[in-house]
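The residues making up each chain are set out below.
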Amino acid sequence: MQLRQLLASAALGALGLAALVAPAAAQSPITVCLITKTDTNPFFVKMKEGAEAKAKELGIKLQSYAGRVDGDSDSQVQAIESCIAGGAKGILIAASDTKGIVPTVQKARDAGLIVIALDTPLEPLTSADATFATDNYEAGVLIGQWAKAKMGAEAANAKIAFLDLTPQQPSVAVLRDQGFMEGFGIDVKNKDVVGDEDDKRIVGHDITNGNEEGGRQAMENLLQKDPGINLVYTINEPAAAGAYEALKGLGLGGKVTIVSVDGGCPGIANVKDGVIGATSMQYPLKMASQGVEAVKRFAESGEKPKASEGLQITNTGVDLVTDQPAQGVKSMDSAAAAKACWG
């Protein structure tokens, strides 16, 4: 009898312990992973800040990863593997290799995670469950239209340097590059490929890895090819800053028009100072915070985000910034942009 009572008491104790443990397990926070191209580019620094702030607000655990440099896809693959093994509910990724990363992304989706591309669409776009990004093609079109309007009749005699991103030609780089060409009036051959155009105004393409030193070196390379370059398209504002330094070193500072995409505070300051003629502002804080919200919603209800009307992505907005407005191209000035910039 005594033994039976002891066993019963032990059983009740175990049930009580289970009752205490079960709610604790149920209350474990949702984990979301943020994987960016680097942790030094101001754009991705701000993206991380946006994700951290929203995760804290929603009581979500955020794990952050980044490539060592722009183009470091191997580190991103390893990060996805870690997120799967760690039981994350979702992954937010700005991919360096938008094609090569797809098999690993599919592995995550097969494991039940939602994968949302931030800023840079995967290829094909449906490789991710959703994409929260600037309409990068439109961003390119805006700076192309502005450059064409600013040059006027001289646009027919333009000598254009293209300072692109990496040899992998990630989708974000292709979209901006090809959008600029359309806006400027260049015949875009294959919209999915950079560098197949035959317009004689194109001096050439070079890569920058999205940083200032890369922009400087690429600009120097293309100036050796043609010192008469009078228009420079840059993938982002750090590359634009590097291009300007190269031009200034040859006495061409302020004599060559530079256009870019980003909307970071240093870039907006460069618009104010005349270093950059015009840039297309994007909103990384919005991308990241909306991504975190979407993972939480998916974890709780299984609901996946819907694309913006008429697009295949969720458009987080883009605005042209210049202190030299061009007729027919809507823009804001650097003073207004300084209130909305990041970095």
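Remember, predicted model here, so these are calculated numbers, not experimental data.

Asks: I'd like to hear about the state of the cysteines, residue by residue, with values.
Replies: Working definition of a disulfide: a covalent bond connecting the sulfur atoms of two cysteines. Taken as a whole and assessed by the stated rule, the structure comprises 2 disulfides. Between the sulfur of Cys33 and that of Cys83 lies a disulfide, 2.3 Å long from S to S. In this structure the cystine formed by Cys33 and Cys83 twists about its S-S bond by roughly -120°; its chirality is therefore left-handed. With a gap of 50 residues between them, Cys33 in strand E1 (residues 31–36) and Cys83 in helix H3 (residues 73–85) connect regions that are remote in the sequence. Residue class for Cys33 comes out buried when judged on its relative accessible area of 0%. The disulfide that involves Cys265 links it to Cys341, with 2.1 Å between the sulfurs. Around the S-S axis, the bridge from Cys265 to Cys341 shows a dihedral of about 95° and counts as right-handed. Of the two residues, Cys265 sits in helix H9 (residues 265–272) while Cys341 sits in the segment after helix H11 (334–337), which places them 76 residues apart along the sequence. Residue Cys341 is classed as buried on the basis of its relative accessible area, which comes to 18%.

Asks: Summarise the packing of H3 against helix H4 (residues 102–110); cite the residues concerned and give the values.
Replies: The contact between H3 and H4 brings their axes to 10 Å, and the two run at 5°. Compared by their axis directions, H3 and H4 come out roughly parallel. Counted together, Val77, Ile80, Glu81 and Ile84 of H3 and Thr104, Val105, Lys107 and Ala108 of H4 form the full contact between these two elements. Of the residues in the contact of H3 with H4, the class split is 5 nonpolar, 1 polar and 2 charged.

Asks: Please provide a residue-by-residue account of the confidence of the model for the protein, values included.
Replies: A low pLDDT means the predicted coordinates there should not be read in detail. Mean pLDDT for the protein: 92, with 92% of residues reaching 70 or above. Across residues 1–26, confidence stays below pLDDT 50; counting only partners more than four residues off in sequence or on other chains, it has 1 contact.

Scoring rules and cut-offs
- Residues numbered from 1 in each chain as written.
- Predicted model: local features only at pLDDT ≥ 70, side-chain atom pairs only at ≥ 80, totals over all residues.
- Heavy atoms only, no water.
- Disulfide = S-S within 2.5 Å.
- Helix = DSSP H or I, 4+ residues; strand = E, 2+ residues; numbered from the N terminus.
- Buried < 20%, exposed > 50% of the residue type's maximum accessible area, 1.4 Å probe, protein only.
- Axes fitted to C-alpha atoms, helices over the stretch in contact; angles between N-to-C directions.
- Parallel < 35°, antiparallel > 145°, perpendicular 65-115°, else oblique.
- Contact = heavy atoms within 4.5 Å.
- Nonpolar A, V, L, I, M, F, W, Y, C, P; charged D, E, K, R; others polar.
- pLDDT = per-residue confidence, 0-100.

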